[in-house]
Amino acid sequence: MKRPQTCPRCSGPLRPDAAGLKTLTPCPACRTPILVLDFPALYTSPSAPPARPVPAMEGAATCFYHEKHTAEAPCCHCGRYLCAVCAVYLGGKVYCTACLERFDEQVRAGKDQDPDNILMGAQRWNYTTLVLLGVLVLGFLALPIIAFLIAFFLSFSGAPI
Amino acid sequence: MADTMKNIPGGLMARLVGHAQGYALHLTPDHVLCRGNTGLTYQHRRLFLVDIEQITLQRTRRALLITAVLASLALGVLVLTYAVLALTESLNGPGGIFLNPVTLLITAPLCGGAILNVLMGATCRTIIRTRAHSEHVKSLSRERIALRALKMLEPAIREAQRGLAVERAVPDTEQEDDALPGPE
Ligand SMILES: [Zn+2]
Ligand SMILES: [Zn+2]
Ligand SMILES: [Zn+2]
């Protein structure tokens, strides 16, 4: 189950005891000092057996999407009952795929900037950096113009340039 | 919620001038919040502790490079001063090369920067990986700080993933699967 650890720089194999190290140690292949920390999540492979739905009993609550499956948990966002197939566990909460898709669209569209509403994360333009860059570029553009103006007015004052 | 959010070492810039210019990590009970300036964009990303698969540290040559650039710049200014003083035949003037006020004003910060850079120690690239994403953590770019941050992150992640190791040990004998329709 455990896949061999590889170097983040050269992708070469690491020493077998690399997982237990607490300081940076040279990679056997490229000699770059590295430290690789693996966590259990790495080994819970995506090929883990899919959750199996439980057939619904008469009168039991069923999945919003599958009326023959027993509901396991409600989506924490829309509240719909979900079966084992439909429930997506993320960060300790249960979501339905419809809600996840909607979150993803909102994040992509940049509409949802409230940190507490952003599920996966978001990126937007950093205006401070952009403004600073703009000022810098304009400053450089203005430099020759200012120099020219100074030379121009000095030529009137009769001072030697 | 705010009191359960702990600052992870690193990201001095973010702490001094705010997240518009800096970048820093915060640890909450269930996720790591990566927040701040990543060049031309501002980012706000959550890495849930249960999803973190791997953290890698990799030493870089940036510290060496910074010291080399600063030192050679300082040296360049000294050479330039010498050239100017020699040309104007004032080598023996007040202050000489080293105590020339202009030279001192330029070289002192350069040398100071070089010394500070050496004191801050080796540089590294820290990457936090989940199945879906690799986060290059810019605030953990010095080895000493990154290792300190790991001391805080590692126990939290292990604690959050304690159940995972157990789940994995259960043999999955029941594999046959009747293609189940997903939600429309
Ligand atoms: Zn390597
Ligand atoms: Zn939902
Ligand atoms: Zn379902």
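Residues numbered from 1 in each chain as written. Chains lettered and ligands numbered in written order. Predicted model: local features only at pLDDT ≥ 70, side-chain atom pairs only at ≥ 80, totals over all residues. Heavy atoms only, no water.

1. Observations concerning the coordination of the zinc ion (ligand 2)
All names here are of chain A.
Then step 1. Protein coordination at the zinc ion (ligand 2) comes from Cys75 (SG), Cys78 (SG), Cys96 (SG) and Cys99 (SG), with a distance range of 2.2 to 2.3 Å.
Then step 2. In terms of primary sequence, the donors binding the zinc ion (ligand 2) are separated according to C-x2-C-x17-C-x2-C. Residue Cys78 is found in the loop between strand E3 (73-74) and strand E4 (81-82), and its partner Cys99 is found in helix H1 (residues 97-109); the two are separated by 21 residues along the sequence.
Then step 3. Here Cys99 falls in the buried class, since its relative accessible area comes to 1%. (Donors = N, O, S within 2.8 Å, 3.2 Å for Na, K, Ca; no water. Helix = DSSP H or I, 4+ residues; strand = E, 2+ residues; numbered from the N terminus. Buried < 20%, exposed > 50% of the residue type's maximum accessible area, 1.4 Å probe, protein only.)

2. Some remarks on the pattern of salt bridges
Then step 1. This structure, assessed with the given rule, holds five salt bridges over all chains.
Then step 2. Two residues, Lys22 of chain A and Glu154 of chain B, come together in a salt bridge whose shortest N-O distance is 3.5 Å. One end of the pair, Lys22 of chain A, is in the segment before strand E1 (25-26); the other, Glu154 of chain B, is in helix H4 (residues 143-160), on a second chain.
Then step 3. Given the relative accessible area of 14%, Glu154 of chain B is considered buried.
Then step 4. Residues Glu159 of chain B and Arg162 of chain B are paired through a salt bridge, measuring 3.1 Å at the closest nitrogen-oxygen approach.
Then step 5. Residue Glu159 of chain B is classed as partly exposed on the basis of its relative accessible area of 46%. (Salt bridge = Lys/Arg side-chain N within 4 Å of Asp/Glu carboxyl O.)

3. A word on the sheet that holds E1 of chain A
Then step 1. Spatially, E1(A)-E2(A)-E5(B)-E6(B)-E7(B) is the arrangement adopted by the five strands of the open sheet, whose pairing is antiparallel. At either end of the open sheet lies a strand with only one pairing partner, and these are E1 of chain A together with strand E7 (134-137) of chain B.
Then step 2. Sitting on the sheet, H4 of chain B is in contact with strand E2 (33-38) of chain A together with strand E5 (52-60) and strand E6 (123-130) of chain B, with an inclination near 170 degrees to E5 of chain B. (Pairing = 2+ DSSP bridges. Contact = heavy atoms within 4.5 Å. Axes fitted to C-alpha atoms, helices over the stretch in contact; angles between N-to-C directions.)

4. Quick word on the confidence of the model for chain B
All names here are of chain B.
Then step 1. For chain B, the mean per-residue pLDDT works out to 81, and 82% of the residues sit at or above 70.
Then step 2. Confidence, read as mean pLDDT per element, is least for helix H5 (residues 162-169) in chain B (61) and greatest for H4 (93).
Then step 3. Below pLDDT 50 for its whole length, residues 167-180 participates in 15 contacts with residues either more than four positions away or in separate chains.
Then step 4. Across the interface, the model reports ipTM at 0.76; the global pTM reads 0.62. (pLDDT = per-residue confidence, 0-100.)

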